[in-house]
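# Architecture and fold: a report
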Amino acid sequence: MIGLISATAAGAAARDRLAAAWPERTRVYEGPVGEAVRAAFAECEQLVCFLATGAVVRLLAPLLAGKAADPGVVCVDEGGRFTVSLLGGHGGGANALAREVGEVLGAEPVVTTATDAVGLPGLDTLGLPYEGSVAAVSRALLDGEPVALEAEVAWPLPPLPVAPQGSYTIRVTDRAVAPGEREVLLRPPSLVVGVGASKGAPVEEVLGLVEEALRDAGLSPRSLAELATVDAKAQEPGIVAAAERLGVPLVTYSAEELAAVEVPNPSDAPLAAVGTPSVAEAAALVRGGELLVPKKKSAGKPAMATCAVVRRPARGRLAVVGLGPGARDLLTPRAAAELRRASVLVGLDQYVDQIRDLLRPGTRVLESGLGAEEERARTAVAQARKGHAVALIGSGDAGVYAMASPALAEASDDIDVVGVPGVTAALAAGAILGAPLGHDHVSISLSDLHTPWEVIERRVRAAAESDLVVTFYNPRSRGRDWQLPKALSILAGHREPTTPVGVVRNASRPDESGRVTTLAALDPATVDMMTVVTVGNTATRRIAGRMVTPRGYRWQEDPK
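The text that follows walks through the structure, step by step, so that each part is easy to find. (Residues numbered from 1 in each chain as written. Predicted model: local features only at pLDDT ≥ 70, side-chain atom pairs only at ≥ 80, totals over all residues. Heavy atoms only, no water.)

## A few points about the overall build of the chain
Within the chain, the secondary structure is distributed over 18 helices and 28 strands. Put simply, 64% of the contacts in the chain that link residues at least 6 apart link residues at least 24 apart. If you sum the accessible surface of the chain, you get close to 26,100 Å²; carbon and sulfur atoms cover 52% of it. One finds the centroid of the 56 positive side-chain charges in the chain at a distance of 2 Å from the centroid of its 65 negative side-chain charges. (Helix = DSSP H or I, 4+ residues; strand = E, 2+ residues; numbered from the N terminus. Contact = heavy atoms within 4.5 Å. Areas by Shrake-Rupley, 256 points an atom, 1.4 Å probe, with all protein chains shown as cover. Lys, Arg positive; Asp, Glu negative; His and termini not counted. Charge placed at Lys NZ, Arg CZ, Asp CG, Glu CD.)

Here's what the structure looks like:
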């Protein structure tokens, strides 16, 4: 919950705007300001104070306990011009909150945390448990000193400006080791413990067995991702309580799923009891991984619990990102966030140049030229399979004549895939022309490099006969100069010569041009690969110089 505190009418007005925008996230604290701040500080995860920063500093000073415990605090000035991340920028989420509040109120966020100021992700904001000298290693990164990344366990991290060797170290590990003086340990959730238990097994026996197995194997409980067991034990009190005490979810699988898993130590006892020859090992291994601790029994007489420990491989992340038609203000916030998140960027060289300034320090860029689409797709998927966070970029929407299709044809279910939509060329051109896509429409690429012309021609004829508005992508190049005239002639067999046609080149870019002509007057020689051609249907009209296709056809009816 976010506590909101104000002292003046102007502050209360801004406070109420924020409360109206986030009714489920906020709580307004009335009354004397000092009492309100103290109450909100004790009860809320975050505070937004519509007060001077000096006043808030004085009110908070006696309440501060430490970075790990204090809530994030944001100050908003009386004029509503700035949202200042004052306390708990990383741990308390105040930096992100300042940006969010700024978006709602139209204010400028002020973030002074050093890593945020230069575009570096904070080591304490990666969503992983951490240990060691965060401040010292972060300072080394900021100062450009060599910091080594030692990934004992592959994990999809955001970009970091690391070196092969250095006097400071970031180590990604699930082993139970202590950090060195100039070292930060990041604990990925890479360990899964499969658990089996007899009916009524005490939580102390289950919990003690799990902790002993991890300790004896030299593994850190902070890297424990989940406990896993068979469905029949989903409500077993000892297992449920052990998961709660360890602070991890309990995941269950059917006996049929577990019976299909090959394990080193099957047994007749669980087969008779729950229908699978293995519970602990099979539940740990069902989603793959390396068996670090084979089935181990508890020390009870008789033993009432078993467990096994598996290290699961990291699931890499592939974001297929549409950059839009070219203008920076048509790049979506989600796309920009994915570019900052990726440690590996794969793309066409000219598209990489468009967004290079948005990349964080340490981003590895793998760029190539025209005609290497399938190679880029394979490269992006291969990098994700290595456990990296990858962004594969394309212009417009990455799913429209772009990189999503070849990438997803290569990807299997061993990586996470995220699609980030973008503004397509057809939409950008349509906005320039007016409203040519107001009714049913279709996009057709005239490039026969990957699609036989016979197939393309059949689709153009179907669109012509169906009276669809048609947007032509890849209409004409130096080596392909006859396809557009042929496609236009097919449409001309079903539409009047006066049918409006929109021609837009470099939509949204500095040298953008757009015009509306007719089917009879269009000169294909004026069209190139940077152009989108939109041909109206029988209802499309030219109104005040704009191309308009009505949502319905009632305007064609006889007014009588």
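## Describing the packing of aromatic side chains
Centre-to-centre distance and the angle between the planes together describe a pair of aromatic rings. Throughout the structure, instances matching the rule amount to two aromatic pairs. With a centroid separation of 4.8 Å and an interplanar angle of 50°, the aromatic rings of Y401 and Y473 are classed as tilted. Residue Y401 is found in the loop between β19 (389-394) and α15 (404-410), and its partner Y473 is found in strand β23 (residues 469-473); the two are separated by 72 residues along the sequence. Taking relative accessible area as the criterion, Y401 reaches 45% and is therefore assigned partly exposed. Ring centres of W453 and W482 lie 5.0 Å apart, and the angle between their planes is 70°; on these two criteria the pair is classed as edge-to-face. With W453 in helix α17 (residues 453-465) and W482 in the loop between β23 and α18 (483-492), the pair connects residues that are 29 residues apart, well separated along the chain. Taking relative accessible area as the criterion, W453 reaches 10% and is therefore assigned buried. The class of W482 is partly exposed, set by a relative accessible area of 43%. One residue, R25, lies across the ring of W22, its end atom 4.2 Å from the ring centre. (Phe/Tyr/Trp six-rings, centres within 6.5 Å; stacked < 30°, edge-to-face > 60°. Buried < 20%, exposed > 50% of the residue type's maximum accessible area, 1.4 Å probe, protein only. Lys NZ or Arg CZ within 6 Å of the ring centre and 35° of its normal.)

## A short note on unusual backbone geometry
Leaving glycine aside, a negative phi is the common case for residues, and trans is the common case for peptide bonds. Of note, the phi angle at Y401 is positive, near 50°, even though the residue is not glycine. One non-glycine residue with positive phi stands out, namely A544, at about 55°. Within the secondary structure layout, A544 lies in the loop between β27 (541-543) and β28 (546-548). With relative accessibility at 67%, the residue A544 sits in the exposed group.

## Quick look at the sheet that holds strand β9 (residues 168-172)
A sheet is described by the order of its strands in space; here four strands give the open sequence β7-β10-β9-β8, paired in mixed fashion. Both edges of this open sheet fall to β7 (130-132) and β8 (147-151), since each of them pairs with a single strand only. Sheet twist, expressed as the average angle between the axes of neighbouring strands with direction ignored, equals 15°. Direction of pairing for β7 relative to strand β10 (residues 183-186): antiparallel, over a ladder of three bridges. (Pairing = 2+ DSSP bridges. Axes fitted to C-alpha atoms, helices over the stretch in contact; angles between N-to-C directions.)

## Some words on the side chain of T169
On the secondary structure map, T169 appears in strand β9. Ignoring anything within four residues of it in the chain, the contact list for T169 reads V137, V147, A148, E150, R182, E183 and V184.

## Section: helix α7 (residues 203-216)
Note: α-helices contain 3.6 residues per turn, so residues at a spacing of three or four share the same orientation. Here α7 contains 14 residues, and its C-alpha end-to-end distance of 20 Å stays within 8% of the 20 Å for a straight helix at 1.5 Å per residue. When we look at burial in α7, the residues that qualify are V203, E205, V206, L207, L209, V210, A213 and L214. Each element contacted by the buried residues of α7 is listed here: β11 (191-197), α8 (237-246), β14 (290-297) and β15 (305-311). Positive phi shows up at G218, right after α7, with a value of about 70°. (Expected span 1.5 Å × (residues − 1).)

## Section: the pattern of salt bridges
Pairing between side chains becomes possible if they bear opposite charge and their charged atoms approach one another. Applying the stated criterion across every chain, the model contains 29 salt bridges. A salt bridge links R312 to E226, with the shortest nitrogen-to-oxygen separation between them at 3.1 Å. Here the residue R312 occupies a position in the loop between β15 and β16 (317-322), and E226 occupies one in strand β12 (residues 224-230), the gap between them amounting to 86 residues. Like E226, R312 is buried. We note a salt bridge from R505 to D528, for which the minimum N-O separation is 2.8 Å. With R505 in strand β24 (residues 500-505) and D528 in the loop between β25 (513-518) and β26 (531-535), this pair connects stretches of sequence that are 23 residues apart. The class of R505 is partly exposed, set by a relative accessible area of 29%. The exposure class assigned to D528 is partly exposed, which follows from its relative accessible area of 24%. A network of salt bridges, in which partner residues are shared, links E152, R171, R175 and E183. (Salt bridge = Lys/Arg side-chain N within 4 Å of Asp/Glu carboxyl O.)

## Some details on the sheet that holds strand β20 (residues 416-420)
Read across the open sheet, the five strands follow the order β18-β17-β19-β16-β20; overall the sheet is parallel. This sheet does not close on itself; its edge strands, each paired only once, are β18 (364-368) and β20. Going across the sheet, the axis of each strand differs from the next one's by a mean of 15°, ignoring polarity. Looking at chain direction, β16 and β20 are connected through five bridges and run parallel. In the strand pairing of β20, A319 is matched with V418.

## So, the state of the cysteines
In this structure the tally under the stated criterion is zero disulfides. With no disulfide of its own, C49 lies closest to C75 among cysteine sulfurs, the gap being 5.4 Å. Since its relative accessible area comes to 0%, C49 is described here as buried. The exposure class assigned to C75 is buried, which follows from its relative accessible area of 1%. (Disulfide = S-S within 2.5 Å.)

## Let's talk about the pairing of β26
In terms of burial, β26 is a largely internal element, five of the five residues being buried. Residues T531, V533 and V535 of β26 are buried on one face, and the alternating residues V532 and T534, pointing to the opposite face, are buried as well. In the sheet, β23 pairs with β26 via three bridges, with the strands oriented antiparallel. Its bridge partner being in β26, F472 is matched across the sheet by V533.

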